[in-house]
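Next come the chains, spelled out residue by residue.
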Amino acid sequence: MVVGTRPPVSRDIGVLAAGWRYASISDKIADLVLTRRAGWRWWLLFLTTLGGTLVFFSASAYLFAVGVGIWGVNIPVAWGFAIGNFVWWIGIGHAGTFISAVLYLLRQRWRTSINRFAESMTLFAAGIAGLFPILHLGRPWFFYWLMPYPNVMELWPQWRSPLVWDFFAIATYLTVSLLFWYVGLLPDLATLRDRATTRFKRYAYGLVALGWRGEARHWARYEHAYLLLAGLATPLVVLVHSVVSLDFAVGNTPGYHSTIFPPYFVAGALFSGFAMVLTLAIPLRRVFGLQDFITARHLDDAAKVVLVTSWIVLYSYAAEIFTGFYSADEFDVSITIERWSGAYAPVYWSMLACNVALPQLLWWRRVRRSVPALFVISLLVNVGMWMERFLIVVSSLHRDFMPSAWGMFYPTFWDWVFLFGSIAFFVWLFLVFLRLLPAISIAEMRLLVDESATEGGR
Amino acid sequence: MSPGLYGVLAEFRTVEELLAAARSARADGYTVEAYSPFPVEGLGEAVGFVGNRMPLIIFVGGLAGGAGGYFMQWYSAVVSYPVNIGGRPLDSWPAFLPATVALTILGAAVAAVIGMLVANGLPRLHHPLFEIHEFDLATRNRFFACLRSRRGGLDLESARALLARCGAMKMWEVPA
């Protein structure tokens, strides 16, 4: 054998442990899908969440039959859990594209082993988010009226309405995220096709791999397309939640009508999205033994993003309070005070505890390196962000301009069914994804092995 | 000389060998295809790939999405279904921007994916190289170079000699 013709072996570069080769890293990740049998824990979680998913869909059928009256919404609080859940889920669905696109453009190497499952998380969360406005419609069977299509009524959507912008932003976001995810998957599907042992798997993965072979010209076009898709998805990350926030900010309701809303919503989206990445990554690396690829460095970096975005969220809360008082507008001042001391004050202070106080623990390296602590913090941040979305939606509506129009929102049993049912559906989709597709990008991990072996040279 | 031949395929162990093989085969006037399990920097140039039209395709897709999106809104609000709201302009362009931006990105992204696939000749159900069992490793850990047979045929002797010089582990004649 000629000198220097051995395949490289990875060195420890923080985001990848030492000792991995092209072959071993490919087999490790591919075999999680191809040969690893589902354990009892997976089945238990799968059946539980399948039950929850069925409850979610049965509840939707009941909702369609009976109407939104099964929820606690009424005038004046006509937007309740459904819209809060929508904003919460679409926020969670932001980190995936942020990780895939923005961190790719910034050449952040800790992106490589977490982008695939974060993108999947994004797709599932954004898809579930898209369901809620439809569920919330009085006549959900007419949801397609939001689309411009030739119709006998000769009507068009109202282009000046944020709800129509929202439809376009979310439909585009879902489509582009799906394309980005699928293009990233292509080489890995080819790996699965070539490694699959049964005929059915060969055909199934072969069909979806579209005949990918990894030719040099193909890779050149692929890389160009991928890079530009990343560039295109980046403004989309900012656009989507900004447009969602305009659903509120364009209205003149006190507490909604604020220019801080777009950046406030985007920061909150990244905050909750990264918390959800941690929530998913921690069990994932443990159950599948992926500690060599999703290292302490990854958790540490994600925790730092959570910390930074928690400060942006804190700034937004402070700016909201400041502008409330600075405006000297009676209604803006009273809604601010109402949040501190009114009927929903316990939710407000719990939100501050979860979103602002708790993440400060992440200043300590020991906390960032402690897996159980990170898991608990990430869960509570998700809870806190849900409370934030709830407060945004409900607290402004329940104290409108006229005291005669004031009223309370009390969630009903069905409100909770839809919240927890959607969470079960999300987890179920994620479990199915883990069994069918590689949770980590195999092609990019091979490239990382190559890079780690050639650089440094020590 | 061998009609009915796709080419001569050779397997390599490392990126460096594949790059060297691609370069010297091209220097000798062969048409080379190089296969790798991950994108290799410089391999496109080594096999003589020029004129990547992806940026143009994506730009045109974005332009079509944006212009088409704005035109749709303008046409509906000004021509097809004008609504006078307190005398405000019918062509209220600031309100048309969110959907225009979204459709620009959508057009560019769809063009990127479809353009990439079509330019690469994908999707494709079968390929002559898939007949070679060991070619499965091209998506795992091995690097392959294929010297293509052209109309005039391929001088098998010299093609094999060149690939062997570059360190090929194994070679196959691939039927077309």
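Residues numbered from 1 in each chain as written. Chains lettered and ligands numbered in written order. Predicted model: local features only at pLDDT ≥ 70, side-chain atom pairs only at ≥ 80, totals over all residues.

Draft legend 1. Highlighting the overall build of chain B. Tallying secondary structure elements over chain B gives 5 helices and 4 strands in all. When its helices and strands are written in sequence order, chain B yields β-α-β-α-α-α-β-α-β. Its C-alpha atoms give chain B a radius of gyration of 25 Å, more than 25% over the compact-globule value 16 Å for 176 residues. With respect to the three principal axes, the spread of C-alpha positions in chain B is 85 × 30 × 30 Å. In chain B, buried positions account for 43% of the 176 residues. Long-range contacts, defined here as pairs at least 24 residues apart, represent 79% of the contacts in chain B between residues at least 6 apart. (Helix = DSSP H or I, 4+ residues; strand = E, 2+ residues; numbered from the N terminus. Rg over C-alpha atoms; globule rule 2.2 N^0.38 Å. Buried ≥ 20, exposed ≤ 12 C-beta atoms within 10 Å, placed from the backbone. Contact = placed C-beta atoms within 7 Å.)

Draft legend 2. The overall build of chain A, seen in detail. Per the secondary structure count, chain A includes 16 helices and 0 strands. In summary, chain A has a C-alpha radius of gyration of 24 Å against a globular reference of 23 Å for 458 residues, a match within 12%. Along the first, second and third principal axes, the C-alpha set of chain A runs to 90 × 55 × 40 Å. Across the 458 residues of chain A, 48% fall into the buried class. A separation threshold of at least 6 residues defines the contact pool for chain A, and within that pool the share at least 24 residues apart is 80%.

Draft legend 3. Spatial organisation of the interface of chain A and chain B. On the chain B side, the residues contacting the 54 residues of chain A number 56 residues. Those elements giving two or more residues to the side of chain A that touches chain B turn out to be helix 1 (22–34), helix 6 (162–195), helix 8 (216–249) and helix 16 (442–454) of chain A. In terms of residue count, helix 8 of chain A provides more of the side of chain A that touches chain B than any other element does, 17 residues in total.

Draft legend 4. Representation of the nonpolar core in the model. In terms of nonpolar packing, the biggest core is built from 188 residues, with V277(A), A22(B) and A145(B) touching the most fellow members. For V277(A), the contacting residues outside a window of four places in its chain are A95(A), I114(A), A118(A), M121(A) and A302(A). (Core = buried A, V, L, I, M, F, W, Y, C linked by C-beta atoms within 7 Å.)

Draft legend 5. Highlighting the sheet that holds strand 4 (residues 170–175) of chain B. Residues and elements named next belong to chain B. Here we have 4 strands laid out as an open sheet, ordered 2-3-1-4, and antiparallel in their pairing. Edge strands, defined here as strands with exactly one partner in the open sheet, are strand 2 (32–35) and strand 4. Going across the sheet, the axis of each strand differs from the next one's by a mean of 20 degrees, ignoring polarity. Alignment of strand 1 (residues 5–12) against strand 3 (residues 143–148), held across 6 bridges, turns out to be antiparallel. When the bridges of strand 3 are listed, V8 appears paired with L147. With respect to the sheet, helix 1 (residues 15–27) is in contact with strand 1, strand 2 and strand 3, its orientation differing from that of strand 3 by roughly 10 degrees. (Pairing = 2+ DSSP bridges. Axes fitted to C-alpha atoms, helices over the stretch in contact; angles between N-to-C directions.)

Draft legend 6. Region of interest: the environment of E215(A). Secondary-structure assignment places E215(A) in the loop between helix 7 (199–208) and helix 8. With 65 residues separating them along the chain, E215(A) and L280(A) place their C-alpha atoms 34 Å apart. Not counting residues up to four positions away in its chain, the partners in contact with E215(A) are E33(B), A34(B) and Y35(B).

Draft legend 7. Quick look at the packing of helix 3 (residues 81–92) of chain A against helix 9 (residues 261–287) of chain A. Residues and elements named next belong to chain A. Running from N to C, helix 3 and helix 9 point in directions that differ by 70 degrees, and their axes come no closer than 7 Å. On the basis of their axis angle, the class for helix 3 and helix 9 is roughly perpendicular. For the crossing formed where helix 3 meets helix 9, the hand is right-handed. In contact with W88, G91 and I92 of helix 3, helix 9 contributes G268, A269, S272, G273 and M276. (Parallel < 35°, antiparallel > 145°, perpendicular 65-115°, else oblique. Left-handed = near helix turned anticlockwise from the far one by under 90°.)

Draft legend 8. Quick peek at helix 15 (residues 413–436) of chain A. All names here are of chain A. Along its 24 residues, helix 15 runs 35 Å from first to last C-alpha, staying within 8% of the 34 Å computed at 1.5 Å per residue. All buried positions along helix 15 are accounted for by D415, V417, F418, G421, S422, A424, F425, F426, W428 and L434. Buried-residue contacts for helix 15 involve helix 2 (40–66), helix 3 and helix 5 (115–136). (Expected span 1.5 Å × (residues − 1).)

Draft legend 9. Region of the structure containing unusual backbone geometry. A cis geometry characterises the amide bond from I75(A) onward to P76(A), with omega recorded as 10 degrees. Here P76(A) shows up in the loop between helix 2 and helix 3. The peptide bond linking L122(B) to P123(B) adopts the cis configuration, its omega dihedral lying at -5 degrees. Tracing the backbone shows P123(B) in the loop between helix 4 (93–119) and strand 3. One non-glycine residue, R107(A), lies in the positive phi region at around 55 degrees. Inspection of the secondary structure puts R107(A) in the loop between helix 4 (95–105) and helix 5.

Draft legend 10. Molecular detail of helix 1 of chain A. All names here are of chain A. A rise of 1.5 Å per residue sets the reference length of helix 1, with its 13 residues, at 18 Å; its end C-alpha atoms lie 18 Å apart and thus fit the reference within 8%. Among the residues making up helix 1, those that are buried are Y22, I25, S26, I29, A30 and V33. Turning to helix 1, the residues buried within the fold contact helix 6, helix 15 and helix 16.

Draft legend 11. Representation of the confidence of the model for chain B in the model. For chain B, mean pLDDT is 89; residues scoring 70 or higher make up 98% of the total. Both confidence scores are given for the complex: pTM 0.93, ipTM 0.92. (pLDDT = per-residue confidence, 0-100.)

Draft legend 12. Here's a closer look at the pairing of strand 1 of chain B. Residue and element names in this part refer to chain B. Summarising burial for strand 1: 7 of the 8 residues are buried, a large majority. With 6 bridges connecting them, strand 1 and strand 4 associate as antiparallel partners. Its bridge partner being in strand 4, L9 is matched across the sheet by W172.

Draft legend 13. A look at the environment of N382(A). All names here are of chain A. Note on placement: N382 falls in helix 14 (residues 371–398). A tally of 22 C-beta atoms within 10 Å means that N382 is categorised as buried. The spatial distance from the C-alpha of N382 to the C-alpha of F274 is 9.5 Å, given a sequence separation of 108 residues. Those residues in contact with N382 that lie beyond four places of it in its chain are S272, A275, M276 and T279.

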